[in-house]
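# Commentary on secondary and tertiary structure
Each chain is listed here by its residues.
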Amino acid sequence: TNQRKAKTMKLKKLKSNVTELTFRNDYDDCDVTLLFSYDTPVAGYDVKGAFKTTTKYSKTTTKHINQYFGDVQPRLVVQEYINEIFDPYTLTPKG
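Notes on the structure in this doc start here. Remember, it's a predicted structure, so these values are computed and weren't measured experimentally.

Another aspect to go through is the sheet that holds strand β2 (residues 18-25). One open sheet holds the six strands; their spatial order is β1-β2-β3-β4-β5-β6, and the pairing between them is mixed. Edge positions in the open sheet fall to β1 (9-15) and β6 (75-77), since each of these has one partner strand only. Strand after strand, the sheet turns through a mean of 25° between neighbouring axes, direction not considered. With four bridges joining them, strand β4 (residues 40-46) and strand β5 (residues 49-53) adopt antiparallel strand pairing. Paired with tyrosine 45 across the strands is alanine 50, a residue of β5. The strands touched by helix α1 (residues 59-69) within the sheet are β1, β2, β3 (30-37), β4 and β5, with β4 carrying the most contacts at an inclination of about 15°. Strands β2, β3, β4, β5 and β6 of the sheet are contacted by helix α2 (residues 79-86), whose axis makes an angle of about 80° with β4.

The rules behind each value
Residues numbered from 1 in each chain as written. Predicted model: local features only at pLDDT ≥ 70, side-chain atom pairs only at ≥ 80, totals over all residues. Heavy atoms only, no water. Pairing = 2+ DSSP bridges. Helix = DSSP H or I, 4+ residues; strand = E, 2+ residues; numbered from the N terminus. Axes fitted to C-alpha atoms, helices over the stretch in contact; angles between N-to-C directions. Contact = heavy atoms within 4.5 Å.

Take it as geometry only, folks, not as evidence of what the structure does.
Below you can see the structure in the form of structure tokens.
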């Protein structure tokens, strides 16, 4: 039988309009954390470390990202990279 392991996801509201989602990524079997500003995933941590989008959103979103990382210097990634991580298909075990 091909049993699928349920995903463990943690949703954490950090402040108004700022949410953090942590889940296991099947691709590299690593925990991934995404930071959402409003409804958009804009930054986070993956197997390579901290990252943030190169896309410019509002001043408030920029502030959310900067507060989230503090002194950490995240690498820059295109928004499509973050969207791909959050693609619902990546949240479903393959097999």
